[in-house]
Amino acid sequence: MAKYIVLLGPPGVGKGTQASRLSRRTGLAHISSGDLFRENIKKQTELGKLAQTYMNKGDLVPDDVTIAMIKDRLSRPDCKAGAILDGFPRTPAQAEALEVMLSGFNGQVNVVPLINAQQDVLVDRLGGRWTCRASGHIFNEKFSPPKESGVCDFDGSELYQRDDDKAETVKYRIVVYMEQTTPLIAHYRELGKLVEINGMQSIERVTQELMDALKNES
Ligand code: AP5
Ligand code: MG
């Protein structure tokens, strides 16, 4: 049966960093809703133009278009064995839609690691984040620097700073997370799927704890 992992946690806690490491280790597809929106913005699709108006402010993109985008992505062949979901679901309506979607793929959410860290750490990490233009590889000028400044280690493409990583927008994104996404914590805890991970540890240590959580689940 396909396996689906939902990474929960505030902006900057390391969901993208960890999802990509877990994807390399498990072979499961890494599905990042934020990256999918950013690809649409780059290509200037209708979805991209709509999403940009919300993302620039730090607001969530409406549920209906977000759900449709993820449903389409999860239907592709590389998700046959399951996926690591990074940034979706982010509202109770999205969580409900995901359950319906996965039952259609003969699966369910298996485990929900919640990665957490203090707010000042999140703001500090996002202030130093550099993202690769080609495929979204993630670096940090203090904590995980690229070998050559401004250049992605993996594909040589240019590194840039996300528009929504300005300190005021980051603080607002954290408020949006607290108001709209944290209700999912109780939901997945009640279902017995939540595993809490301390995101203030090193990137390697967090990966180790996530791998343990995945092993214990299967
Ligand atoms: P999205 O792209 O998902 O952003 P986010 O959830 O705000 O999370 P981030 O990507 O900022 O942080 P992260 O947890 O991935 O951290 P990272 O690994 O990069 O969403 C952006 C926008 O898209 C939303 O605001 C919304 O508008 C829209 N959107 C997306 N999904 C949506 C949905 N489902 N519904 C509606 N709207 C949606 O790490 C951060 C930095 O810290 C990096 O520099 C990294 O190198 C460093 N780092 C990571 N781990 C560690 C560590 N352990 N120690 C030290 N440094 C670390
Ligand atoms: Mg991310």
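Whatever comes next refers back to the structure up there.
Below is a summary of the structure that appears in this document. The written sequence of each chain sets the order in which its residues are numbered from 1. Labels follow written order: the first chain is A, the first ligand is 1, and so on. Per-residue local features are limited, in this predicted model, to residues with pLDDT of at least 70; the limit for side-chain atom pairs, both in listing and counting, is 80 or more; totals at the level of whole chains, interfaces and linings are taken over all residues. The basis for the side-chain values is all heavy atoms of the structure; hydrogens and waters are excluded.

### Comments concerning the state of the cysteines
For the record, the criterion: When two cysteine sulfur atoms are found within 2.5 Å, that pair is recorded as a disulfide. Burial classes follow relative accessibility: with a 1.4 Å probe on protein chains only, a residue under 20% of its type's maximum area counts as buried, one over 50% as exposed, and anything between as partly exposed.
Under the defined criterion, the tally for this structure stands at zero disulfides. With no disulfide of its own, Cys79 lies closest to Cys132 among cysteine sulfurs, the gap being 20 Å. With a relative accessible area of 2%, Cys79 lands in the buried category. As a non-bridged cysteine, Cys152 has Cys132 as the owner of its nearest cysteine sulfur, 3.9 Å distant.

### Some words on the site of ligand 1
Definition in use: Residues are classed as near a molecule or strand on a simple rule: at least one heavy atom within 4 Å of it. Here a polar contact is recorded for every N or O atom pair within 3.5 Å, except that within protein the pair must consist of a potential hydrogen donor and a potential acceptor, and residues adjacent in sequence are included only if both atoms are side-chain atoms. With residues, only the protein chains shown are counted as cover, and all accessible areas are computed by Shrake-Rupley using a 1.4 Å probe. Runs of E in the DSSP output that reach at least two residues are strands. Runs of H or I that reach at least four are helices, and both are numbered from the N terminus. When residue character is reported, Ala, Val, Leu, Ile, Met, Phe, Trp, Tyr, Cys and Pro are called nonpolar, Asp, Glu, Lys and Arg charged, and the others, Gly included, polar.
Taken together, the neighbourhood of ligand 1 is formed by 35 residues, with Thr17, Asp59, Arg90, Arg129 and Arg173 sitting nearest. Contact distances for ligand 1 include 3.3 Å between a nitrogen atom and a side-chain N or O atom of Arg125. When ligand 1 is considered free in solution it has 1000 Å² of accessible area, and contact with the protein chains removes 97% of it. Those elements that place two or more of their residues in the shell around ligand 1 are α1 (15-26), α2 (33-42), α6 (119-127) and β6 (138-140). Looking at which element gives the most residues to the shell around ligand 1, the answer is α2, with four residues. Its residues placed into classes, the shell around ligand 1 shows 13 nonpolar, 13 polar and nine charged.

### With respect to the sheet that holds β6
Using the following cut-off: Think of it this way: DSSP has to see at least two bridges between two strands before they count as a pair.
An order of β6-β5-β7 is seen for the three strands of this open sheet, with the pairing classed as antiparallel. In this open sheet, the two strands that pair with only one neighbour each are β6 and β7 (159-160). As paired strands, strand β5 (residues 129-132) and β6 are joined by three bridges and run antiparallel to one another. Opposite Thr131, over in β6, you have Ile138 as the bridge partner.

### Things to note about the pairing of strand β4 (residues 109-116)
Along β4, seven of the eight residues are buried, which leaves the element largely enclosed by surrounding structure. In terms of strand pairing, strand β1 (residues 3-7) meets β4 through two bridges, oriented parallel. Along β4, the bridge assignment pairs Ile5 with Val111. Across five bridges, the pairing between β4 and strand β8 (residues 194-198) is parallel. In the strand pairing of β8, Pro113 is matched with Val195.

### A short note on the packing of α1 against helix α9 (residues 203-217)
The cut-off we apply is this: To get an axis, a line is fitted to the C-alpha atoms, and for a helix only the part in contact is used. The angle between two axes follows their N-to-C directions and goes from 0 to 180 degrees. Oblique is the label for every angle not falling under 35 degrees (roughly parallel), over 145 degrees (roughly antiparallel), or within 65 to 115 degrees (roughly perpendicular). By the definition used in this description, the sense in which the near helix is turned from the far one sets the handedness, with an anticlockwise turn below a right angle giving left-handed and a clockwise turn giving right-handed. Any two residues whose heavy atoms approach within 4.5 Å at even a single point are treated as in contact.
The geometry of α1 relative to α9 is characterised by a closest axis approach of 10 Å and an angle of 55° between their N-to-C directions. On the basis of the axis angle, α1 is oblique to α9. Handedness of the α1/α9 crossing: right-handed. Only Ile203, Glu204, Val206, Thr207, Leu210, Met211 and Leu214 of α9 make contact with α1, whose side of the interface consists of Thr17, Gln18, Arg21, Leu22, Arg25 and Thr26. Split into classes, the residues belonging to the contact of α1 with α9 amount to six nonpolar, four polar and three charged.

### Digging into the environment of Cys132
Secondary-structure assignment places Cys132 in strand β5. Exposure remark for Cys132: the relative accessible area of 2% places this residue in the buried category. Each C-alpha atom of the pair Cys132 and Phe154 lies 9.1 Å from the other, and the pair is 22 residues apart in sequence.

### Some thoughts on the sheet that holds β1
The five strands are arranged β2-β3-β1-β4-β8 in an open sheet whose pairing can be described as parallel. Each edge of the sheet is formed by a strand with only one pairing partner; in this case those strands are β2 (29-32) and β8. Across this sheet, the average inter-strand angle for adjacent strands is 20°, counted without regard to direction. Examined bridge by bridge, β1 and strand β3 (residues 82-86) share five bridges and lie parallel to one another. In the sheet register, Val6 faces β3, and the bridge partner there is Leu85. Relative to the sheet, α2 contacts β2 and β3, its axis offset from that of β2 by approximately 70°.

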